[in-house]
Amino acid sequence: MTKPTRLLLTPAIAFWWRDVIRFLRQRNRIIGALATPLVFWLLVGTGFGPSFRNPAAVAAAGATGSYLAYFFPGILVLIMLFTAIFSTISVIEDRREGFLQGALVAPLSPAAIPLGKFLGGTTLAVLQALLFCLLAPLAGLPIGLHQILLLLPALIVTGFAMTGLGFLVAWPMDSTQGFHAIMNIFLMPLWMMSGALFPMPAGTGWLHLVAMLNPVSYGVEAIRSSFAPTISEALSSGYVTGVCITALFAAVLFAVSVRLVEKRSRRG
Amino acid sequence: MSAPDHRHAIVARDLVKSFGERRALDGISLEVRQGELFCLLGPNGGGKSTLFRILATLSLPDSGSAAIAGHDVVTEASEVRARLGVVFQSPSLDGKLTILENLRCGGALYGLKGAGLESRINEAAKALNLTDRLNDPVETLSGGLQRRAEIAKCLLIRPEVLLLDEPSTGLDPGARLDLWAALEKLRAEHGVTALCTTHLMEEAARADRVAIVSSGKLVALGTPEELTSAIGGDVISLGVSRETGADQLARTITEKTGIPATVVEGEVRIEHREAYQLAARLSGEFPGAITSLRIARPTLEDVFIARTGRLFADQDVEPERTKTAKGNKRNKR
């Protein structure tokens, strides 16, 4: 007789592995998650470049002070957001008529599905973002060993948070159409108002407040400071705060996801 | 809940479940013995999917109780899940993965890994004749092979009870025969109890016992032979001319012969022990009124008609899971 158990790690690792394998076997997903932000970066970046005058933002953009350099960390976050959305949106159909049906009748801990999904989404998001970092020199940003060492934790916590946002939106949904609506009115503005696309004004205005309260701002901030020329400059320019607040945000998203799965698993 | 009953693999007591105004299950009780091949037969929307989801621990009943292998599906869901293999109507295999990869993932959901998992995979693949297809991606397989791979995945945990939701949906007749041969083999060699939902009469006729479910109620329960022999003879169906009308003819026949005649979907239907003699007599007495005449051994469909007074057609569709097109999603994944 099997003992009554609520399994966590073995199933979570299986979900994780499955997400990565599926992704690698679907070339169009790799292209979709990288090409869209690339085109976006080049078009928007080149078009806005000449009107990019904000002194604080020019300083934040690094040595060249170009908009392409300023926009680069924002694009990394957008890549992660897209990857996370693609890897979590499948949950909707998967649970109703796919692989996850089997997971719902297995003796699993309610954390098993979110853990596997978060790890899978994070892995894919971080790999794609690192791949995109090969283009950093084009933007005039340095990308050496210490930048990568700083980037890794920043990308991992941001990827985890982005996957968390995707999972929280996808899990309660019954249709992928609903997901697209939420993506447009909630996820994209969250990214736009994070300092990714344009510098959020300092001071006391409402935009500043939005940037302060928007958890995505801190991921963008952490990634932006990773590109600083020296480690001490990075650490003094908001890297630590960015990573910590994003990690906290990711942890909250994970906890809420587990609660949701627990509630949802016996509905209907 | 009464004390756990180990002679019965599945026990359901007075299960009730409503979706808004509609009662999907209206007090169903049944018992499935260990090692039995049991069919839940009913039209789509009759309640069998709701019952299936409650037994599979995916849905909670409003009232009543159910137990699998002696464990309550509500209060001891983890114990039930550890002993239960579930084959869903829409495939739960990942089409992008091979059979072997799917089986490894499936085993991991139950904490199986390493050498133990590999030996279970070999055992399950052998039981379902999949050994030489293990490295094929699932999306390249035929519907029948996919279904067998689904069952193989369920066998990894050596379940005491298998639940199958419309397992032959989307299968060609040959693959259906294979599926039933596989189930019978599992029962013979491993003592697995299997409960299948189906809306196909021919399929239900192969089961040890059949429960007919309609409008959320159990309308008949027994072996296929018991159910059909209870009909009391053969079944005569009469096509009726427009001028006479089926209702009129049925009334006249009952008045003249004293034999009950009913109208089902525009035809007059009579059960009778000496159907041939009666048919000859009726065709002599009502030559103009009868346009066609059919005599048949009773089938489960006749049992359904006799118990419900209706043809076995789709009823109101259930509010959940109905938009799922049956079986045709198989090759997309």
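This one's a predicted model, so the numbers in the text were calculated from it and none came from an experiment.

**Concerning the overall build of chain B**
- Of regular secondary structure, chain B possesses 11 helices and 14 strands.
- Its C-alpha atoms put chain B at 75 × 45 × 35 Å along the principal axes.
- Taking all 333 residues of chain B together, 45% fall into the buried category.
- By sequence separation, contacts in chain B at least 24 residues apart represent 72% of the contacts at least 6 residues apart.

**Re the sheet that holds strand 1 (residues 8-19) of chain B**
All names here are of chain B.
- Ordered in space as 2-1-4-5, the four strands form an open sheet in which the pairing is antiparallel. Two strands close off the open sheet at either side, each with one partner strand: strand 2 (22-33) and strand 5 (71-72).
- As paired strands, strand 4 (residues 63-68) and strand 5 are joined by two bridges and run antiparallel to one another. Looking at strand 5, one finds that Ile 68 is bridged to His 71.
- Its contacts with the sheet place helix 1 (residues 48-55) against strand 1, strand 2 and strand 4, and it is angled at close to 120° to strand 1.

**What to know about the interface of chain A and chain B**
- At the interface, 28 residues of chain A touch 29 residues of chain B.
- With seven residues, the single largest contributor to the side of chain A that touches chain B is helix 1 (residues 9-24) of chain A.
- Of the residues that constitute the side of chain A that touches chain B, the class distribution is 13 nonpolar, eight polar and seven charged.

**A word on the nonpolar core**
- Within the largest apolar cluster, 159 residues are counted, with the highest numbers of intra-cluster contacts made by Val 77 and Leu 81 of chain A together with Leu 55, Ile 68 and Leu 163 of chain B.
- With 18 residues, the top contributor of residues to this core is helix 4 (residues 67-97) of chain A.
- Ignoring sequence-local partners within four residues, the contact set of Leu 55 of chain B consists of Ile 10, Ala 66, Ile 68, Val 73 and Leu 163 of chain B.
- Residues Leu 249, Ile 253, Ala 261 and Leu 282 of chain B belong to the second largest nonpolar core, which totals 13 residues.

**Considerations on helix 8 (residues 176-196) of chain A**
- Maximal helix bending in helix 8 of chain A amounts to about 45°, located at Met 183 of chain A.
- Along its buried surface, helix 8 of chain A packs onto helix 4, helix 7 (145-170), helix 9 (206-213) and helix 10 (215-226) of chain A.

**Here's the deal with unusual backbone geometry**
- Phi at Asp 14 of chain B is positive, roughly 50°, even though this residue is not glycine.
- Structurally, Asp 14 of chain B can be placed in strand 1.

**Observations concerning helix 6 (residues 173-190) of chain B**
Residue and element names in this part refer to chain B.
- Given a rise of 1.5 Å per residue, 18 residues ought to cover 26 Å, and the 25 Å separating the end C-alpha atoms of helix 6 matches this to within 8%.
- What helix 6 keeps buried is the set Leu 179, Ala 182, Leu 183 and Leu 186. Take helix 6 and look down its axis: the buried residues cluster within an arc of 95°, on one side only. Turned more than 90 degrees away from the buried face of helix 6 sit Pro 173, Gly 174, Ala 181, Ala 188 and Glu 189, all of them exposed.
- Directly after helix 6, the chain includes Gly 191, whose backbone phi takes a positive value near 65°.

**Some thoughts on the domain arrangement of chain B**
- Partitioning chain B into domains gives domain 1 (8-227) and domain 2 (232-297).
- With centres defined by C-alpha atoms, the gap from domain 1 of chain B to domain 2 of chain B works out at 41 Å.

**Comments concerning the pairing of strand 12 (residues 261-264) of chain B**
Residues and elements named next belong to chain B.
- Note that strand 12 and strand 13 (residues 267-272) share four bridges and pair antiparallel. From the neighbouring strand, Thr 262 faces strand 13, where its bridge partner is Arg 269.
- Here strand 12 folds back onto strand 13 in antiparallel fashion, the turn holding two residues, of which Glu 265 has a positive phi close to 50°.

**Describing the environment of Ala 230 of chain B**
- Relative to the helices and strands, Ala 230 of chain B is located in the loop between helix 8 (224-229) and strand 11 (234-240).
- Judged by the 13 C-beta atoms lying within 10 Å of it, Ala 230 of chain B falls in the partly exposed class.

**Some points on the environment of Ala 12 of chain A**
- Structurally, Ala 12 of chain A is set in helix 1.
- Along the primary structure Ala 12 of chain A and Leu 119 of chain A are separated by 107 residues, whereas in three dimensions their C-alpha atoms are 8.4 Å apart.

**Here we look at the sheet that holds strand 6 (residues 84-87) of chain B**
Residues and elements named next belong to chain B.
- Spatial ordering of the open sheet is given by 6-7-8-3-9-10, a layout of six strands whose pairing is mixed. Every other strand in the sheet has two partners, leaving strand 6 and strand 10 (217-222) as the edge strands with one partner each. If you compare each strand with its neighbour and ignore which way they point, the axes differ by 15° on average.
- Pairing of strand 3 (residues 37-41) with strand 8 (residues 193-198), which is carried by five bridges, proceeds in the parallel orientation. The residue bridging Phe 38 from the neighbouring strand is Leu 195, located in strand 8.
- Its contacts with the sheet place helix 5 (residues 143-155) against strand 6 and strand 7 (161-165), and it is angled at close to 165° to strand 6.

**Description of the environment of Leu 117 of chain B**
- Considering the arrangement of structural elements, one finds Leu 117 of chain B in helix 4 (residues 114-127).
- Leave out the neighbours within four places in its chain, and Leu 117 of chain B touches Arg 104, Gly 107 and Leu 112 of chain B.

**A closer look at the pairing of strand 7 of chain B**
Residues and elements named next belong to chain B.
- With five of five residues buried, strand 7 is to be regarded as a mostly interior element.
- In the sheet, strand 6 pairs with strand 7 via four bridges, with the strands oriented parallel. Note that in strand 7 the partner of Val 86 across the bridge is Leu 163.
- Summarising the sheet, strand 7 and strand 8 pair through five bridges and their orientation is parallel. Each bridged residue has a counterpart across the sheet, and for Asp 165 the counterpart in strand 8 is Thr 197.
- Note on the crossover from strand 7 through helix 6 to strand 8: the handedness is right-handed.

What counts as what
Residues numbered from 1 in each chain as written. Chains lettered and ligands numbered in written order. Predicted model: local features only at pLDDT ≥ 70, side-chain atom pairs only at ≥ 80, totals over all residues. Helix = DSSP H or I, 4+ residues; strand = E, 2+ residues; numbered from the N terminus. Buried ≥ 20, exposed ≤ 12 C-beta atoms within 10 Å, placed from the backbone. Contact = placed C-beta atoms within 7 Å. Pairing = 2+ DSSP bridges. Axes fitted to C-alpha atoms, helices over the stretch in contact; angles between N-to-C directions. Nonpolar A, V, L, I, M, F, W, Y, C, P; charged D, E, K, R; others polar. Core = buried A, V, L, I, M, F, W, Y, C linked by C-beta atoms within 7 Å. Bend = angle between axes of the 7 residues up to and from the residue. Expected span 1.5 Å × (residues − 1). Arc of directions from axis to C-beta. Domains from an automatic or database assignment. Right-handed = clockwise from strand over helix to strand, strands pointing away.

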